[in-house]
Amino acid sequence: MDTSITTLLGLVFLGLAMASVFLMFKLWGYPYDEATHTSTAPRSLVLLHRAMGFSYVILYVFMMWHMVPRMWNYQIELPPRTVAHLMLGISIGVLLLLKISILRFFRHFSSALPYLGSTLLLCTVLLIGLSVPFTLREQFLGMGRNLFSDASLKRVHSLLKTAGVPGEVLLDQLASPRKLRDGRQVLLSKCVLCHDLRTVLAKPRTPKDWVHTVQRMAIKPILGEPITEMDQWTVSAYLVAITPDLQASAKVQRKRQVESSKVKTALLAALGPASAEAAPPDKGYDATVAKALFEDTCSQCHDISEVDNAPPRTEIEIQELMVRMVDNGLFLEGQDLETIKRYLNETYVRKQ
């Protein structure tokens, strides 16, 4: 089931929970006969509350019917947020069974119903809060004003070409609004069968990394319909298109992380000695090749002018920059990282 539909159903589920609980508070304000277990509340309100309760239960069963089988398809260990989501779903089921049992068979426990209802509302708020915001975030990225602009489509065309997309005709098809929408649909209907949407969009990647990741995931066995080769290309194109927005979010998170001096110190220590002069000279270093590697790698997620406008001024700043890029999803061999690091040092530090 498409995540857009599950998001809508989740919001309806939350609305039913809130309306039902607050109506329950009103109903419990009317005099209640403990001996006969009857209330003087208006019959119409009682029936409305009952209808809300039935709708809540039906919607819960419907969503669980579609959600639980997805757990068997997950190809990685469930992330903590998904585990919490699953536990809350199970808790809601247990609370519903208790509430229905009291209403049908154990009316002498009726005084516990307001507490059960309030707990159900709390679990529902937490359940929806763990899932809906991330889906809405993806929808916001997918409907971005610049996603289908000429500049964005040109950028996607250029980056997909470097990522190994075969044929100019396929490139032209992928770098089009229709195919980007198709790619979004693949992400929301097929990729989420095996992965949490948050884990997919957690970090921006380079176009080659997106393509390799999608291809690697597509060959793994699943219970549902396999992802075709065209689906792989279309979802890769969509992920490449929204990478700048993912990068903007990553920058905000990164800014918060680097504010901690302890974390920064640990990362710098893990990277090793800063000075290129401390290491033995590399006779195989070629400045032209290093520049091409730097521009090809960094331009896939950034505009090179960002570095020129705010270049690193010290070797420590170069270290911090490299750490941020690796932590932000940059995948390169150690030698390539050292080459880019030396290029930055030669270009922006030593020439001061």
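Here, the structure is the one placed above.
The structure displayed is predicted, hence computed values, not measured ones. (Residues numbered from 1 in each chain as written. Predicted model: local features only at pLDDT ≥ 70, side-chain atom pairs only at ≥ 80, totals over all residues. Heavy atoms only, no water.)

Can you walk me through a nonpolar patch on the surface in this structure?
A surface patch of nonpolar side chains, amounting to about 410 Å² of accessible area, comprises V83, M87, I90, V94 and L98. Looking at the secondary structure, you find V83 in helix 3 (residues 80-104). By relative accessible area, V83 is classed as partly exposed at 34%. (Patch = residues over 30% accessible without salt bridge, like charges linked within 9 Å, V, L, I, M, F, W, Y side chains within 5 Å. Areas by Shrake-Rupley, 256 points an atom, 1.4 Å probe, with all protein chains shown as cover. Salt bridge = Lys/Arg side-chain N within 4 Å of Asp/Glu carboxyl O. Helix = DSSP H or I, 4+ residues; strand = E, 2+ residues; numbered from the N terminus. Buried < 20%, exposed > 50% of the residue type's maximum accessible area, 1.4 Å probe, protein only.)

I'm lost on the layout of surface pockets in this one. Help?
A water-sized probe rolled over the atoms picks out the places where empty space is left. Empty space within the largest pocket amounts to approximately 1,100 Å³. V46, H49, R50, L103 and L113 are, among the 32 residues lining the largest pocket, the residues nearest its centre. Elements supplying a minimum of two residues to the lining of the largest pocket: helix 1 (3-27), strand 2 (38-39), helix 2 (43-67), helix 3 and helix 4 (113-129). Take the lining of the largest pocket: its biggest share by element is 8 residues, from helix 2. Looking at side-chain class alone, the lining of the largest pocket contains 19 nonpolar, 8 polar and 5 charged residues. (1 Å grid on protein atoms, 1.4 Å probe; cavity = no way out; pocket = protein on both sides within 12 Å on 5 of 7 lines; lining within 4 Å. Points joined across faces, edges and corners; volume = space filled by probe spheres on them. Nonpolar A, V, L, I, M, F, W, Y, C, P; charged D, E, K, R; others polar.)

Help me understand the pattern of salt bridges in this model?
Close approach of charged atoms allows side chains with opposite charge to pair. Per the counting criterion, the structure on display carries 2 salt bridges. Across the pair R178 and D182 runs a salt bridge whose closest N-O atoms are separated by 3.7 Å. Residue R178 and its partner D182 are both found in helix 8 (residues 177-189); the two are separated by 4 residues, about one turn of the helix. Its relative accessible area of 30% is what places D182 among the partly exposed residues. Salt-bridge contacts for R342 lead to E346; the nearest nitrogen and oxygen are separated by 3.6 Å. With R342 and E346 both in helix 16 (residues 334-349) and 4 residues apart, the pair spans about one turn of that helix. Under the relative-accessibility criterion, R342 is labelled partly exposed at 23%. In this structure E346 comes out as partly exposed when scored by relative accessible area, which is 22%.

Would you explain the packing of aromatic side chains in this entry?
Each aromatic ring pair is specified by the distance between its two centres and by the angle formed by the two planes. Taken as a whole and assessed by the stated rule, the structure comprises 4 aromatic pairs. With 4.2 Å between their ring centres and 15° between their planes, F13 and Y56 make a pair best called stacked. Within this pair, whereas F13 is found in helix 1, its partner Y56 is found in helix 2, the two being separated by 43 residues in sequence. Taking relative accessible area as the criterion, F13 reaches 0% and is therefore assigned buried. Between F13 and Y60, the ring centres sit 6.5 Å apart and the planes meet at 25°, which makes this aromatic pair stacked. Here F13 is found in helix 1, whereas its partner Y60 is found in helix 2, with 47 residues between them in sequence. (Phe/Tyr/Trp six-rings, centres within 6.5 Å; stacked < 30°, edge-to-face > 60°.)

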